[in-house]
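Given next are the chains, with one letter for each unit.
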Amino acid sequence: METIEDSVGLRGANRPQDVRLVQKLLNQNGFPQLQVDGICGNNTTKAIITYQKHFYHHPDGLVSPGKKTLTQLTSGQRSGLPRAHGSTGSNPNGARKNPMTMYPSYQVLKLMMQYEQLHTLPYDDHSSSTISNWTAGATIGYGHWISRQSEFDQFKDGISEQAAETLFSQDLKRFVDAVRNYVKVSLTQNEFDALVMLAFNIGTRDNLNHKGLYYSTALKVINGESPEDLDRAWMQFVYSRGVRMKGLVNRRKSELNVYHKGIYIKL
C-alpha cells in the first residue's frame, strides 16, 4: 500500500509526490472534484480539514505518516461487502466500499446545510416560524432539534453561525453511524451520502413508533430484504404531521439524484 514520506497540509512539508497521493485518497473519500496536481493549495487544505471534522473536534489540516487521518483515508479504500441488491446507480463516485469505512462527502454536507438553512434563533420545524417558547418541533442552527425545555433555555437568545456549524458537526455523527451500522452491503460514495442525508431528516431508530432509517422499507430494499421499488419506498417520507409537504418531496427527489446519479443539487 502506498504511503506518504512526510506531512501534507497546513504547515506541512508538502512534497509533490506526497501531496498527489493525499489528493488521490481524498478523491476516493468524498472529494472527487479535487484536482490531483501535487500542489497543496487552499482547496486541498480545505478538503483535509473538512474530512478531519468527521473524527476530530479540532482539525489541524495536516496529514502525517502513521497518524489517524492517513489511516482513515487509506482504510476507506478497502471493501469487503457484496454489491447492493437492486441498485441501478451509475456509480459516478468510484468503487463500492464497506460503509463502516466511509464518511459523508463535502458535497453532501453542503447540500444538507442548504436544505436545513441557517437559523440563528429557535424556530418551529413544521412552520419555520421563529419561536420564543419551547415546542415539540423546536429547532435551531442547521436542523438541530431542541429536545426539551432545559436545552431550549440554552438557545433562546440565539447562536452564532460558527456555533451552528459545530452543532451540525456534532449531530451528524449519529446519522453517519446509523448508516454504517444498518447497511449490510457495500455502497458507492453517492449512495452513502444519500442515506446519511435521508437519515438526518427522518431519524435513525425510533423503537417505540417503529420509525426512522432502521425501520424503513428503503433500507430493506438496499439490504436485499425487500423486493419493493427503492424510489417508491424512498418517496414515502414526504409528510410532516400528516400533511404532504412540497419541500419534503423536493428533498427526497434531491436525495435520489445523489443516490443514483451523484448529482448534488438542491431542487
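Preceding this section is the structure that the text describes.
Definitions and cut-offs
- Residues numbered from 1 in each chain as written.
- Predicted model: local features only at pLDDT ≥ 70, side-chain atom pairs only at ≥ 80, totals over all residues.
- Heavy atoms only, no water.
- Helix = DSSP H or I, 4+ residues; strand = E, 2+ residues; numbered from the N terminus.
- Rg over C-alpha atoms; globule rule 2.2 N^0.38 Å.
- Buried < 20%, exposed > 50% of the residue type's maximum accessible area, 1.4 Å probe, protein only.
- Contact = heavy atoms within 4.5 Å.
- Areas by Shrake-Rupley, 256 points an atom, 1.4 Å probe, with all protein chains shown as cover.
- Pairing = 2+ DSSP bridges.
- Phe/Tyr/Trp six-rings, centres within 6.5 Å; stacked < 30°, edge-to-face > 60°.
- Lys NZ or Arg CZ within 6 Å of the ring centre and 35° of its normal.
- Axes fitted to C-alpha atoms, helices over the stretch in contact; angles between N-to-C directions.
- Parallel < 35°, antiparallel > 145°, perpendicular 65-115°, else oblique.
- Nonpolar A, V, L, I, M, F, W, Y, C, P; charged D, E, K, R; others polar.
- Core = buried A, V, L, I, M, F, W, Y, C linked by side-chain atoms within 4.5 Å.

*Asks:* Explanation requested: the overall build of the chain in the structure shown.
*Replies:* From N to C terminus, the chain includes 10 helices and seven strands. Compactness check: the chain gives a C-alpha radius of gyration of 19 Å against a globular reference of 18 Å for 267 residues, within 12% of the reference. Overall, the C-alpha framework of the chain stretches about 55 × 50 × 30 Å when taken along its three principal axes. Within the chain, buried positions represent 49% of all 267 residues. Look at the contacts in the chain between residues 6 or more apart in sequence, and 54% of them connect residues 24 or more apart. For the chain, the accessible area works out to roughly 13,400 Å², and carbon and sulfur atoms hold 49% of it.

*Asks:* Before we go on, may I ask you to explain the sheet that holds strand β3 (residues 119-124) in this structure?
*Replies:* The strands making up a sheet associate through hydrogen bonds between their backbones, and the pairing can be parallel or antiparallel. The sheet built from three strands is open, its strands ordered β3-β4-β5 with antiparallel pairing. For this open sheet the edge positions go to β3 and β5 (144-145), each flanked by a neighbour on one side alone.

*Asks:* What is the right way to read the packing of aromatic side chains from this model?
*Replies:* What describes a pair of aromatic rings is the distance from one ring centre to the other and the angle between the planes of the rings. Evaluated as defined, the whole model comprises eight aromatic pairs. Between F175 and F200 the ring centres are 5.0 Å apart and the planes differ by 55°, which places this aromatic pair in the tilted class. Here F175 is found in helix α6 (residues 161-182), whereas its partner F200 is found in helix α7 (residues 189-202), with 25 residues between them in sequence. Cluster of aromatic residues (ring-pair linked, three or more members): Y142, F168, F175 and F200. Its end group placed over the ring of Y103, R180 keeps NZ or CZ at 4.6 Å from the ring centre. Above the plane of the ring of Y214 lies R205, whose end atom (NZ or CZ) is 3.7 Å from the centre.

*Asks:* How should the packing of helix α4 (residues 106-116) against helix α10 (residues 246-261) be read in this particular structure?
*Replies:* Between α4 and α10, the least distance of the axes is 12 Å, while the angle of their chain directions is 175°. One way to sum up the angle between α4 and α10 is to call them roughly antiparallel. Mapping the contact onto sequence places L111, Y115 and E116 in α4 and N250, R251, S254 and V258 in α10. Within the contact of α4 with α10, the residues separate by chemical class into three nonpolar, two polar and two charged.

*Asks:* Where do I start with the nonpolar core in this structure?
*Replies:* Across soluble globular proteins, nonpolar side chains show a tendency to be buried alongside one another. Grouped together as the largest cluster of nonpolar side chains are 47 residues, with contacts concentrated most on L187, I222 and W234. Contributions of two or more residues to this core are made by α4, β4 (138-141), α5 (149-155), α6, α7, α8 (217-222), α9 (230-234) and α10. Core analysis: the next-biggest nonpolar cluster, separate from the first, contains 17 residues, L21, L26, L70 and Y103 among them.

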